[in-house]
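For reference, the chains in residue letters:
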Amino acid sequence: MHEASARPSAAAPAREAETGFRVPYRVFTDPEVYRLEQERIFRGPHWSFVALEAEIPRSGDYKTTRIGDTPVIVMRAADGAVHVTVNRCAHRGALVVRDLRGNRSSLECVYHQWCYAPDGKLVGVPFRKGIKGQGGMPADFDMNRHGLQRLRAERLHGVVFATFDAEAPALADYLGPMVVAQMARIFRRPLRVLGDLRQYVHGNWKLYAENTRDPYHASLLHLFHTTFGTYRSSQKGGVTLDADHRHSLLQASSDSNDAQKDQEIYKYMRSFNAQFRLQDPSLLAGRREFDDGVTLVILSVFPNLIVQQIANTLAVRQIVTHGPGAFELVWTSFGYADDDADMQRIRLKQGNLIGPAGLISMEDGEAVEIVQRAVASDDRQQSFIAMGGGRGGDADHLVTESSIVGFWEYYRKVVGFESVKAN
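Reading the values: rules and limits
- Residues numbered from 1 in each chain as written.
- Predicted model: local features only at pLDDT ≥ 70, side-chain atom pairs only at ≥ 80, totals over all residues.
- Heavy atoms only, no water.
- Core = buried A, V, L, I, M, F, W, Y, C linked by side-chain atoms within 4.5 Å.
- Buried < 20%, exposed > 50% of the residue type's maximum accessible area, 1.4 Å probe, protein only.
- Helix = DSSP H or I, 4+ residues; strand = E, 2+ residues; numbered from the N terminus.
- Contact = heavy atoms within 4.5 Å.
- Pairing = 2+ DSSP bridges.
- Axes fitted to C-alpha atoms, helices over the stretch in contact; angles between N-to-C directions.
- Parallel < 35°, antiparallel > 145°, perpendicular 65-115°, else oblique.
- Left-handed = near helix turned anticlockwise from the far one by under 90°.
- Expected span 1.5 Å × (residues − 1).
- Bend = angle between axes of the 7 residues up to and from the residue.
- pLDDT = per-residue confidence, 0-100.
- Salt bridge = Lys/Arg side-chain N within 4 Å of Asp/Glu carboxyl O.

Quick look at the nonpolar core
- In this structure, Phe161, Met183, Phe187, Leu299 and Trp408 are the most contacted members of the largest nonpolar core, which totals 87 residues.
- Of all the elements, helix α9 (residues 402-415) adds the most residues to this core, at eight residues.
- With near-sequence residues (within four places) excluded, Met183 lies in contact with Leu156, His157, Val159, Phe161, Leu299 and Val307.
- With 15 residues, the next largest nonpolar core counts Val97, Leu107, Leu122 and Met143 among its residues.

Right, here's the structure in full:
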């Protein structure tokens, strides 16, 4: 073939732009974009999930976590208040707390034993007055000016959020009516924490934010979902966004399954295999516990929280960033404190559906990683998001990517990355 024959004709007419939303791959790989996200999102005027109150029920209980890539401590004080502080000693910048959980009356840095109260106030400095008249801190050293950095913290239905921004709106206003209503639905009774799972993913955190806002992939990627009917794109359901398009709700009902029609819909797709059988059918023999008939909820709260109900599994998933190409996903499963023994067994058994090796969710981490590996080599290219119309907004069906577009519409406003744009 002559080289010229492989080139497009100079006289070829220009194509009209297709309807859809395009996202440059650069946002998944560029260190400068990541730096802006830490500044404008995670340390900006947004509320990030940090804990369930049920994780720190007693005075002195604490949990360490991160907001974006900033380490923080969540601790309950003697008066019941929950404080969130940056996990960084005011002296030389060391981590004050190095374990994930525990109980202490105060927080002491191992390096030089500077000691802090649960609210971050500095209460002790060894050798502050020197020894035998020698050394010590300067005479004008003010303990009140050298505590841990304190964050604003608010609680809603036993869920703890924190923000770095003193001017951020109140938590309920930031979440909006849709999220507040869903939080009231899921966190309607006191909780019992069942356990944690941690998953390190070699991909950009926003790929997972897309994934949880994507009802379109779930019945195609996850064979278990479709084959056993826990979720199918043909089910009754839809997506709802908040007014700013930063939060989204995916709901579906397995009660709307129609086995005959669904086999026809999926007959050419590998994700519906009627030959598969469960060796232990009790895995899905749960209980109906919500009167609205909704059997699947994925509530994505910007920037770092996913609240899930899948059958009788209840969990929060927290996104922790580790640079442009890595994040950690922390799953905390829970039930209600008044669950009877049978319901607790159901929740523990159905826990096999979720998490890094879950029968439903194990493919998501790999999906993120295969995208990251493919886009890293060429940040000049763009994704194309158009299922459902290519615009952000609500949908009363499950064959849509409108909530992903909504996420990017809000992200573009906050990060100011001009190349992220619709046609």
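As for the sheet that holds strand β17 (residues 313-321)
- As summarised here, the arrangement of the seven strands in space is β12-β18-β17-β16-β15-β14-β13, forming an open sheet in which the pairing is antiparallel. One side of each edge strand has no neighbouring strand; the edge strands of this open sheet are β12 (191-201) and β13 (236-241). Across the sheet, the mean angle separating the axes of adjacent strands is 15° when strand polarity is ignored.
- As paired strands, strand β16 (residues 305-310) and β17 are joined by six bridges and run antiparallel to one another. The partner of Leu305 across the bridge, within β17, is Gln318.
- Contacts from helix α2 (residues 171-186) reach β13, β14 (248-253), β15 (296-301), β16, β17 and β18 (327-336), with the element oriented near 135° to β15.
- On top of the sheet, helix α8 (residues 362-375) reaches β12 and β18; it is set at about 30° to β12, its chief contact.

Side note on the packing of helix α3 (residues 205-212) against α8
- With their axes 10 Å apart at the nearest point, α3 and α8 run at an angle of 130° to one another. Taken as axis vectors, α3 and α8 run oblique relative to one another. Like other packed secondary-structure pairs, α3 and α8 cross with a definite hand, here right-handed. Contacts between α3 and α8 involve Leu207, Tyr208 and Asn211 from the first element and Asp364, Val368, Val371 and Gln372 from the second.

Brief notes about α2
- In a regular helix each residue adds 1.5 Å, so 16 residues correspond to 22 Å; α2 covers only 17 Å between its end C-alpha atoms and thus falls short of that length.
- Of all the bends in α2, the largest measures some 90° and sits at Pro177.
- Of all the residues in α2, the buried ones are Leu171, Tyr174, Leu175, Gly176, Met178, Val179, Gln182, Met183, Arg185 and Ile186.

Comments concerning α9
- Given a rise of 1.5 Å per residue, 14 residues ought to cover 20 Å, and the 20 Å separating the end C-alpha atoms of α9 matches this to within 8%.
- Taken across its 14 residues, α9 has 12 buried, putting it largely inside the fold.
- Turning to α9, its buried residues number three or more, namely Ser402, Ser403, Ile404, Val405, Gly406, Phe407, Trp408, Glu409, Tyr410, Tyr411, Val414 and Val415.

Comments concerning the sheet that holds strand β8 (residues 115-116)
- Here we have three strands laid out as an open sheet, ordered β7-β8-β9, and antiparallel in their pairing. Each edge of the open sheet is held by one strand with a lone partner, namely β7 (107-108) and β9 (122-124).
- Relative to β8, β7 runs antiparallel, the two sharing two bridges. Its bridge partner lying in β8, Leu107 is registered against Tyr116.

Here's the deal with the side chain of Ser383
- As for its placement among the helices and strands, Ser383 is situated in strand β19 (residues 382-385).
- With sequence-adjacent residues up to four places away left out, Ser383 is seen in contact with Phe21, Arg22, Val23 and Tyr25.

As for unusual backbone geometry
- The amide bond that connects Phe302 to the next residue, Pro303, takes the cis arrangement and shows omega of 5°.
- Looking at the element boundaries, Pro303 is found in the loop between β15 and β16.
- For Gln113, which is not glycine, the phi torsion reads 65° and is therefore positive.
- Looking at where Gln113 falls in the secondary structure, it is placed in the loop between β7 and β8.
- Gln113 sits in the partly exposed class, given a relative accessible area of 44%.

Here's the deal with the pairing of strand β5 (residues 82-86)
- In terms of burial, β5 is largely enclosed, as four of its five residues are buried.
- Hairpin connection of strand β4 (residues 70-76) to β5: five residues between the antiparallel strands, including Gly80 at a positive phi of 90°.

Some words on the pairing of β19
- On β19, burial follows the alternation: Ser383 and Ile385 on one face are buried, whereas Gln382 and Phe384 on the facing-out side are not.
- Alignment of strand β1 (residues 21-24) against β19, held across four bridges, turns out to be antiparallel. By the bridge assignment, Arg22 is partnered in β19 with Phe384.

Some words on the confidence of the model for the protein
- For the protein, the average pLDDT comes to 91, and 91% of its residues sit at 70 or higher.
- Predicted confidence is poor over residues 1-12, with pLDDT under 50, and the contacts of this stretch with residues over four places away or in other chains come to one contact.
- Note on residues 419-423: pLDDT is under 50 here. Beyond four places in sequence and across chains, it has 20 contacts.

Observations concerning the pattern of salt bridges
- A full pass over the atoms with the stated rule returns 29 salt bridges.
- A salt bridge links Asp196 to Arg101, with the shortest nitrogen-to-oxygen separation between them at 2.3 Å. Taken together, the positions of Asp196 in strand β12 and Arg101 in strand β6 (residues 101-103) put the pair 95 residues apart, joining distant regions of the chain.
- Among the charged side chains, a network of salt bridges with common partners joins Arg189, Glu289, Asp338, Asp339 and Arg347.

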